Amino acid sequence: MEKIILTAEGKKELEQRLNVLKNELIPQVVQRIKVAREQGDLSENAEYTAARDEQAKLEGEKQDIENKLKFGEVIASGSKGDIVDVGSKLKYLDMEEKEEYTFTIVGTAEADLTKGKISNESPLGQALVGKKVGDVCVVNAPKGGSYKVKILEILG
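What you see is a predicted model, and the numbers here were worked out from it, not measured in a lab.

Chemist: I keep staring at the pattern of salt bridges and nothing clicks. Help me out?
Modeler: When the charged atoms of two side chains with opposite charge come close together, those side chains can pair. Overall, the coordinates contain 10 salt bridges when judged by the stated rule. Glu 15 is the partner of Lys 11 in a salt bridge, and the nearest nitrogen-oxygen pair spans 3.7 Å. Linking Lys 11 with Glu 15, this pair stays in helix α1 (residues 8-37), spanning 4 residues, or about one helical turn. A residue is classified by how much of its surface remains accessible, and Glu 15, at 38% relative accessible area, is partly exposed.

So this is what it looks like as structure tokens:
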């Protein structure tokens, strides 16, 4: 199995989500299935089918989280000195767009752009890991081409 890198914060978030799945969401959907079964003919029972589909989705998510927690390796959060590493929160300047961005570099298991977390294996993550404040990095875009970013600050 491929190595799964987690930050301490990421592990905590996964544990919290697993707790919600096990103690709230899955029991609720099991109850919905029970109620739907009591309505009779299951072949034409849309509520039963929808609840079973939701149960399968939630059980899949639960299993995925359990695997990440079982096989995940928690890394020390933050940078090692002034070097960008997994767990580092940093600010950079996109030199082409002239825009500043702040995000945290995490393992692929917890990457989520909506939460400001990018994977260390993404093109941007790969370009930044191992660099320091002031470095200009070339990011190779997945669809070809490249762009430059400058590390402005390592926030932790």
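Now that the structure is up, let's keep going.
Chemist: Even after reading the chapter, I still don't get the sheet that holds strand β6 (residues 136-140), so can you show me in this structure?
Modeler: Hydrogen bonds between backbone atoms are what pair the strands of a sheet, whose relative direction is either parallel or antiparallel. Overall, mixed pairing links the 5 strands, which are arranged β5-β4-β3-β7-β6 in an open sheet. What marks the edges here is a single partner per strand, and that holds for β5 (117-119) and β6. Adjacent strand axes in the sheet meet at a mean angle of 45°, parallel and antiparallel pairs treated alike. Note that strand β3 (residues 89-94) and strand β7 (residues 146-154) share 5 bridges and pair antiparallel. Bridge pairing in β7 places Lys 91 opposite Glu 153.

Chemist: Would you explain a negative patch on the surface in this entry?
Modeler: On the surface, a cluster of negative charge is made up of Glu 96, Glu 97, Glu 99 and Glu 100. Mapping Glu 96 onto the fold places it in the loop between β3 and β4 (99-106). The exposure class assigned to Glu 96 is exposed, which follows from its relative accessible area of 64%.

Chemist: What exactly am I supposed to notice about α1 here?
Modeler: Helical geometry note: an α-helix holds 3.6 residues per turn, so side chains three or four residues apart project in the same direction. Across its 30 residues, α1 extends 42 Å between first and last C-alpha, which sits within 8% of the 44 Å expected from 1.5 Å per residue. The sharpest bend along α1 measures roughly 45° and falls at Leu 21. Turning to α1, its buried residues are Gly 10, Leu 14, Leu 18, Leu 21, Ile 26, Val 29, Ile 33 and Ala 36. Contact partners of the buried residues in α1: β1 (4-7) and α2 (46-71).

Chemist: Would you mind showing me how to read the pairing of β1 here?
Modeler: Where a strand is regular, its side chains alternate between the two sheet faces. Burial of the side chains of β1 extends over both faces: Ile 4 and Leu 6 are buried on one face and Ile 5 and Thr 7 on the other. In terms of strand pairing, β1 meets strand β2 (residues 72-75) through 4 bridges, oriented parallel. Directly across from Ile 4, in β2, lies its bridge partner Gly 72.

Chemist: What should I look at first to understand the packing of aromatic side chains in this one?
Modeler: Aromatic ring pairs are reported here in terms of the distance separating the ring centres and the angle at which the planes meet. Overall, the coordinates contain 2 aromatic pairs when judged by the stated rule. Judged by centre distance (5.2 Å) and plane angle (75°), the rings of Tyr 92 and Phe 103 are edge-to-face. Taken together, the residues span a long stretch of sequence, with Tyr 92 in strand β3 and Phe 103 in strand β4 at a distance of 11 residues. Pairwise contacts between aromatic rings join Tyr 92, Tyr 101 and Phe 103 into one cluster.

Chemist: I keep staring at the pairing of β6 and nothing clicks. Help me out?
Modeler: Side chains Cys 137 and Val 139 of β6 all project onto a buried face; the interleaved residues Val 136, Val 138 and Asn 140 project onto a face where none is buried. Pairing between β6 and β7: 5 bridges, direction antiparallel. Residue pairing across strands places Val 136 opposite Lys 150, the latter belonging to β7. In textbook terms, the turn of a hairpin is the stretch between consecutive antiparallel strands, and for β6 and β7 this stretch comprises 5 residues, one of which, Gly 144, has a positive phi near 95°.

Chemist: Even after reading the chapter, I still don't get the packing of α1 against α2, so can you show me in this structure?
Modeler: A packed helix pair is summarised by two numbers, namely the angle formed by the two axes and the spacing between the axes. Closest axis-to-axis distance for the α1/α2 pair is 9 Å, and the angle between their directions is 160°. In terms of orientation, α1 and α2 fall into the roughly antiparallel class. As for how α1 packs across α2, the hand of that crossing is left-handed. Of the residues in the contact of α1 with α2, the class split is 15 nonpolar, 1 polar and 14 charged.

Rules behind the numbers
- Residues numbered from 1 in each chain as written.
- Predicted model: local features only at pLDDT ≥ 70, side-chain atom pairs only at ≥ 80, totals over all residues.
- Heavy atoms only, no water.
- Salt bridge = Lys/Arg side-chain N within 4 Å of Asp/Glu carboxyl O.
- Helix = DSSP H or I, 4+ residues; strand = E, 2+ residues; numbered from the N terminus.
- Buried < 20%, exposed > 50% of the residue type's maximum accessible area, 1.4 Å probe, protein only.
- Pairing = 2+ DSSP bridges.
- Axes fitted to C-alpha atoms, helices over the stretch in contact; angles between N-to-C directions.
- Patch = residues over 30% accessible without salt bridge, like charges linked within 9 Å, V, L, I, M, F, W, Y side chains within 5 Å.
- Areas by Shrake-Rupley, 256 points an atom, 1.4 Å probe, with all protein chains shown as cover.
- Lys, Arg positive; Asp, Glu negative; His and termini not counted.
- Charge placed at Lys NZ, Arg CZ, Asp CG, Glu CD.
- Expected span 1.5 Å × (residues − 1).
- Bend = angle between axes of the 7 residues up to and from the residue.
- Contact = heavy atoms within 4.5 Å.
- Phe/Tyr/Trp six-rings, centres within 6.5 Å; stacked < 30°, edge-to-face > 60°.
- Parallel < 35°, antiparallel > 145°, perpendicular 65-115°, else oblique.
- Left-handed = near helix turned anticlockwise from the far one by under 90°.
- Nonpolar A, V, L, I, M, F, W, Y, C, P; charged D, E, K, R; others polar.

Geometric descriptors of this kind do not, in isolation, establish any biological role.
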